[in-house]
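Residue-level listing of the chains:
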Amino acid sequence: MPIQDCPLCGGPAAFSGHDYGRRKGYSCQNCTEFIVTLSAEARLKESMQSWKDAIIEKTKTTPGGQILLIYVPDQHQPDALNKKVLSAVYQPRES
Ligand SMILES: [Zn+2]
């Protein structure tokens with residue numbers, strides 16, 4: 001797999017494309033494995049390290065059989081009042 005700077009910790013991480021290039025699956029020695037959408041990846045580059053550290057904590061505690069998906073919530077939904085910049089949820093691993 002190609003190697004790129006990890007969007008969370010900046011260390012070297014292997015990645016592969018998912019979902020026709022709209023998401024990337026990362027495998028990082030520090031942050032373990034996670035999936036990030038391209039829009040979330042761009043936003044992570046502008047995010048404070050404290051936010052990234054909070055997400056790293058979630059990746060490290062991912063339950064077995066699941067993987068963390070990091071994405072930008074839909075800002076157009078009426079319940080998006082708090083305008084969260086990034087969300088991270090566990091989802092079942094695709095086999
Ligand atoms: Zn990392």
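For clarity, every value in this text was computed on a predicted model and none was experimentally measured.

**Q** Explain the environment of Cys 6 residue by residue, including any values.
**A** Mapping Cys 6 onto the fold places it in the loop between strand E1 (3–5) and strand E2 (12–18). Residues Cys 6 and Cys 28 lie 22 residues apart in sequence; the distance between their C-alpha atoms is 6.7 Å. Among residues more than four places away in sequence, those in contact with Cys 6 are Gly 11, Ala 13, Tyr 26, Cys 28, Asn 30 and Cys 31.

**Q** Lay out the pairing of strand E3 (residues 23–28) in plain terms, naming residues and giving numbers.
**A** The two faces of E3 differ: Lys 24, Tyr 26 and Cys 28 on one face are buried, but Arg 23, Gly 25 and Ser 27 on the other face are not. Between E2 and E3, which pair antiparallel in sequence order, lie four residues; one of them, Asp 19, sits at a positive phi of approximately 55 degrees. Strand direction decides the pairing type here: E3 and strand E4 (residues 32–37), joined by six bridges, are antiparallel. Its bridge partner lying in E4, Lys 24 is registered against Val 36. What sits between E3 and E4 in their antiparallel hairpin is a turn of three residues.

**Q** Which residues make up the environment of Leu 69, and what are the values?
**A** Structurally, the position occupied by Leu 69 is in strand E5 (residues 66–71). Given 18 C-beta atoms within a 10 Å radius, Leu 69 is considered partly exposed. Sequence spacing of Leu 69 and Arg 93 is 24 residues, and the spatial spacing of their C-alpha atoms is 10.0 Å. With residues near it in sequence (within four places) discarded, Leu 69 still touches Ile 35, Ala 88, Val 89 and Gln 91.

**Q** I'd like a description of the environment of Pro 92, backed by residues and values.
**A** Relative to the helices and strands, Pro 92 is located in strand E6 (residues 87–92). Once the C-alpha coordinates of Pro 92 and Gly 65 are considered, the two residues, 27 residues apart in sequence, prove to be 6.2 Å apart.

**Q** Lay out the nonpolar core in plain terms, naming residues and giving numbers.
**A** In a soluble, globular protein the nonpolar side chains are often hidden away together inside. Counting 15 residues, the largest nonpolar core has Tyr 26 and Phe 34 as the members making the most contacts within it. Listing elements by their share of this core, those giving two or more residues are E2, E3, E4, helix H2 (49–60) and E5. If one sorts the elements of this core by residue count, E4 sits on top with three residues. Apart from the residues lying within four places of it in its own chain, the contact partners of Phe 34 are Tyr 26, Thr 59, Ile 67, Leu 68 and Ile 70.

What counts and what doesn't
- Residues numbered from 1 in each chain as written.
- Predicted model: local features only at pLDDT ≥ 70, side-chain atom pairs only at ≥ 80, totals over all residues.
- Helix = DSSP H or I, 4+ residues; strand = E, 2+ residues; numbered from the N terminus.
- Contact = placed C-beta atoms within 7 Å.
- Buried ≥ 20, exposed ≤ 12 C-beta atoms within 10 Å, placed from the backbone.
- Pairing = 2+ DSSP bridges.
- Core = buried A, V, L, I, M, F, W, Y, C linked by C-beta atoms within 7 Å.

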